[in-house]
Structure formats: structure tokens, C-alpha cells
Amino acid sequence: MTDREQPAKIRAEGIAKTFASDGREVVALQPVDLAVKDGEFVCILGPSGCGKSTLLRIVAGLIAASAGTVTMDGRTITGPGPERGLVFQEYALFPWLTVMQNIMYGPTVRGLGRREAEKRARAQIARVGLDGFEQHFPRQLSGGMKQRVGIARVWANQPDVMLMDEPFGALDAITRNILQRDLLKLWLEERHTVIFVTHSVDEAIFLADRVVVMSARPGRITAIVPVEAPRPRDLLAPEAIALKAELTKLVEDQVMGARGEPSRLREYVS
Amino acid sequence: MTVAVQDGAPARGAPVPARKAGAVRRLLTTLLVYLVMPVGLLTAWQVASELGWVSAYLLPPPSRAAVGFWEIATDGTLWTHVKASLFRSIAGFLIATSIAVPLGVVVGWSPLFRKLSHITLLLLIPIPITAWISIAIVWFGIGDASAVFLVALGAAVPILINTVHGVEWVEPVYIEAARMLGTGPRQILWRIVLPAALPNIFTGLRLGLRNSWAGLVVAEMIGAKSGVGYLIWDARLMMRSDLVIVGMLMVGVLGLVSDQTMSRAGRRLLRWHEGLSRND
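Everything numeric here is computed off the predicted structure, so don't read it as measured data.

1. Comments concerning the overall build of chain B
Right, so step 1: Across its full length, chain B holds 10 helices and 2 strands.
Right, so step 2: Listing each helix as α and each strand as β along chain B from the N terminus yields β-β-α-α-α-α-α-α-α-α-α-α.
Right, so step 3: Compactness check: chain B gives a C-alpha radius of gyration of 25 Å against a globular reference of 19 Å for 280 residues, more than 25% above the reference.
Right, so step 4: On the principal axes, the C-alpha backbone points of chain B span a range of 80 × 75 × 30 Å.
Right, so step 5: Within chain B, the fraction of its 280 residues that count as buried is 35%.
Right, so step 6: Of the contacts made within chain B by residues no fewer than 6 positions apart, 71% connect residues no fewer than 24 positions apart.

2. A closer look at the interface of chain B and chain A
Right, so step 1: Facing 16 residues of chain B, the contacting portion of chain A comprises 20 residues.
Right, so step 2: Those elements that place two or more of their residues in the side of chain B that touches chain A are α7 (172-180) and α8 (185-223) of chain B.
Right, so step 3: For the side of chain B that touches chain A, the class distribution of residues is 8 nonpolar, 4 polar and 4 charged.

3. A closer look at the nonpolar core
Right, so step 1: Of all hydrophobic cores here, the largest spans 140 residues; its most connected members are Leu45(A), Val59(A), Ile195(A) and Leu247(A).
Right, so step 2: Here this core takes 15 residues from helix α6 (residues 144-168) of chain B, the largest share from any one element.
Right, so step 3: Setting aside its immediate chain neighbours within four residues, Val59(A) contacts Ile10(A), Ala12(A), Val70(A), Ile77(A), Arg84(A), Leu163(A) and Ile195(A).

4. Focus: the sheet that holds strand β4 (residues 67-72) of chain A
All names here are of chain A.
Right, so step 1: Sheet architecture is open: 4 strands sit in the order β2-β1-β4-β5, paired in antiparallel fashion. The open sheet has two edge strands, β2 (24-36) and β5 (75-76), and neither has a second partner.
Right, so step 2: Where helix α1 (residues 52-60) meets the sheet, its contacts fall on β1 (10-21), β2 and β4, and the angle it forms with β1 comes to roughly 115 degrees.

5. Comments concerning helix α4 (residues 143-155) of chain A
All names here are of chain A.
Right, so step 1: Given a rise of 1.5 Å per residue, 13 residues ought to cover 18 Å, and the 18 Å separating the end C-alpha atoms of α4 matches this to within 8%.
Right, so step 2: In terms of residue burial, α4 counts as a mostly covered element, since 11 of its 13 residues are buried.
Right, so step 3: Taken together, the buried positions of α4 are occupied by Met145, Lys146, Gln147, Arg148, Val149, Gly150, Ile151, Ala152, Arg153, Val154 and Trp155.
Right, so step 4: Against β6 (84-87), α2 (99-109), α3 (114-127), β7 (161-165) and α5 (173-190) lie the buried residues of α4.

6. Thoughts on α2(A)
Right, so step 1: Counting buried positions over the 11 residues of α2(A) gives 9, a clear majority of the element.
Right, so step 2: A positive backbone phi angle near 80 degrees is found at Gly111(A), which sits one or two residues after α2(A).

Scoring rules and cut-offs
Residues numbered from 1 in each chain as written. Chains lettered and ligands numbered in written order. Predicted model: local features only at pLDDT ≥ 70, side-chain atom pairs only at ≥ 80, totals over all residues. Helix = DSSP H or I, 4+ residues; strand = E, 2+ residues; numbered from the N terminus. Rg over C-alpha atoms; globule rule 2.2 N^0.38 Å. Buried ≥ 20, exposed ≤ 12 C-beta atoms within 10 Å, placed from the backbone. Contact = placed C-beta atoms within 7 Å. Nonpolar A, V, L, I, M, F, W, Y, C, P; charged D, E, K, R; others polar. Core = buried A, V, L, I, M, F, W, Y, C linked by C-beta atoms within 7 Å. Pairing = 2+ DSSP bridges. Axes fitted to C-alpha atoms, helices over the stretch in contact; angles between N-to-C directions. Expected span 1.5 Å × (residues − 1).

Take a look at the structure:
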């Protein structure tokens, strides 16, 4: 597939990143091309250290690429902006603000006025199911609730694209499943573009329209696998299990491949 | 009848009086534990004095200190000295805060200022407050100004160090989150860095306040004609070791009250902060 010809919401072209570490150059990301369509839910799947979070942060505008460009609606991304909301694995809620104030934060700093900020925050609190916790501080919340705030905080800014960096990675399996289901339900209501980084094959299959598989050291895209089953998906269905086997093999092969064994992955690149 | 459970207490014919009695007993026991040491020490001290184990001049018994306390408390001397000390302490602490916090923010926030001030601060910080007394008297003469200066200096050092630290080590992820949500570069300082550094700044304020008493007492001993430090110094010259003890305990009381006040204010201000310990 050549991503180049499709209309795209987010388009990354030749994005690469090299870090300087102890005077040596470490290649975190080899040149990567990726196009994400408007309203698409893309999961970036890969082992730790494959540069998937780096790629996401470049799209967020929080770090600059060493080479290449990322565009949104054709305009080059040069820095962070509220039209691209990022949900962090470590939540990154402001601990000195209440749940309500955290969610109001975006609209407030953007000068939308207190009334509008409150209106948006209340709506998002209801959406993510945090009624009654408006005046709690983050330290009083469980991990799952913190991430609900993290998601609501981004949505209060009404972003065009939501970037999620292993948002459920720190949660226990049960909470994780509940949040995946809730996220999917809410996403289906609005169908905004989502780029979701994960190292869980199940999570990618459950959520994504397409799964972008990345390999480690140096990070690069090795396969893009569409998931066509209708939602909500049953991860125990035979097709899902087959897909899981395929994706798991892709990810594991890379980990082996990174140890110097020849990679057999090229053939998967569509 | 439905069984309503409120605040974890059973509503059905609960043995409330027994519970209350238990709570009172627990409170008394706790109080007793806290009082064992001070009361024991005072008693041992009194007894040692009565039996003539220590000379009454070297260590006057608590009873004599109490008489001395009563003497200067009733003739107004004590209050005059305490008032003078309190004024210097509060003035010096406010001056220290209003200079050291902004300065610490600048130094912590700007790598350039950090480098510019690095050597100067490394050199100045180890000079103990007592070493400043001579220059303070040269600059400000005998009186309030010298004492206020030393209090401010004593408080400023911990405030500065902790503010710099707090601002420098703000979790980068908060700044990333703030930028991502649309915060402009100028707002980052006010909206993110200052609140995130507040627990550290507050630790600095508290340590600074504790530190400032040393500056106050030394300044009043040598560079002033009033205040609790002067009371201690003057009592020694008058061979009134009972009043020396009274003066020292007054410093203890002032320190304790001010520290507890700070601690309470901090707990209110930082109720969002998880690292806050509950028992100190």
C-alpha cells in the first residue's frame, strides 16, 4: 500500500529521530512514513524501545523530528497544540488541581472563559462517568479514574486528533478492559481520529481499524495490518485468535530479529 | 426497623457511652505517653537540685525558673522582649520570603542564571548565620535592623535552596501536558511550575523559619538591647541563670508555635499533595 496517495488527516513523511546519548548518536526511529485517515483508529504496536512513543510525541509536537515532516490537514506540525490531544501513560494530571479544574484547564488557558470551561468539563465528566468526583484531587483517585480524567481533559479541548501513549499500560487487566470498552463506545459516538500506542496485541485488535507494527533498535514500521471485524469485537472469535497469532509472531519475530537474527518481516509489509 | 449504617457506626442500640468512654481513655493514654518525658525530666531536674547534686547556679531548679518567669512576666519585661523578638522575626521572615522565593524561581527556571549564580551561592551558603553578625552591626548598628537582617539571612538560605530545587525539578511531563493543552510559554511558569514547586517552596519556608531563630538570638545577644536573645545574654551578666533558662525556653516556645502555625498553613495550602506527612 502506498500511503502517499490517500487523503490523510495526519501524514508523517520520512520521520526519523536520533538522540545524543553520552556523546554517541542513538537512532530511535528510522525514516517512517505513515498516513492516518480522518476518523480512523490506528494502533501502533511494538515492543518497548521501538520508538513508538517517540513517533507519537513527534506527532504531538512535543519533540522535534531529526528528519522528515508531519502534517495535519496539510499543515506542517511545528509544536504542540490543543487540536492534537495527548493522553499520557502516567496520566500527567495536575495534582494541585481538582478533577473539575484539571478538565477545565485546557479551555481555561485557551481563554474560552470560565463559564464555557465549566460547561465543557461537566459534559466530559458525565461522559467518562466521574460524576460525584468533581472536587477530588488526583491523589484520591484510582489509576483507572485518573486516566478517565486524562481522557476527559483532552476531550474538553475538542481536539481533532487524539494521541494516546499506552494510556492503559499501568492499569490492572480488569480495569484495562473496562476502559478499553468505554473508550471504544465513546469513540464510536464521535469518531475522531485516534493514534493509540500500545504493546498489547489484544488491545490493538480490540480497538484498531489498522495496526501499525513497529520493530525495535532502530525503530521502524514493519507491517500495517487492517482489522476488519465489526465492533464490538470478540477476542475469542476464531478470526481474532488467528489475527492475534499473526500479530504476536510479527512482534516477537522483531524482538528476535533485533538480536541479529534475519528478519522475515518484509513480506508482511502491504 | 431497617439497619442504617452511618459513618461506620452501627445504629442498632449501639453501646455509645461505652464507645465514648473508650475514646476518652485512649485520648488520656495518648496524652500520658506524650507527657511522660517532659514531666519526668522536670521532676528529675528538680530532685537533683533539691538533693544538691548540681549547684543551683549551674542549673537552677524548675521551681526557681518558674519564680523567675513569674517575676519578669508580671513586671512586663518578658512581654517587651517577646514583642521585640516577634516583630524582628516576622519582619525578617517576610523580607526573606519576598526576596528568596522570586530569586529562587529565577535561578531554578533559567539555566543561565543558575550558572551565573552557581559559584557565588556555593560560596555564600556555607557561611553560618553567626559569622554575619559583625558585618551586620557595621552596616546596621545596634538594634532592630541588624536583627532583622540576620533573621532574613537565616531564613533566606533554606528558602532559596528549596525554591531553586523545586522549580528546577518540576516533572517535565506536567509541562508537556500543559503545552499540549494549549498553555503559552509565559503561562507555564504561573500555571504549572509554581504550583508544582509549591511543596518544595513550603519546605523551604518551614526550614527557613526554623533557621531564622538562630540568627535572631545571636543578633539580639550581641547587636540589640531587647528581645529574647538579649534577655538570655543580660541574665547571664546579672548571674541570673534562672532567667537564662526562662529565656531559652521562650525561644523554644516561640519556635514551636511558629513552626506549628506554618505546618498548619501548609497542610491547608497543600492538601492536594500526597507527600505530606500527617504527624509533624
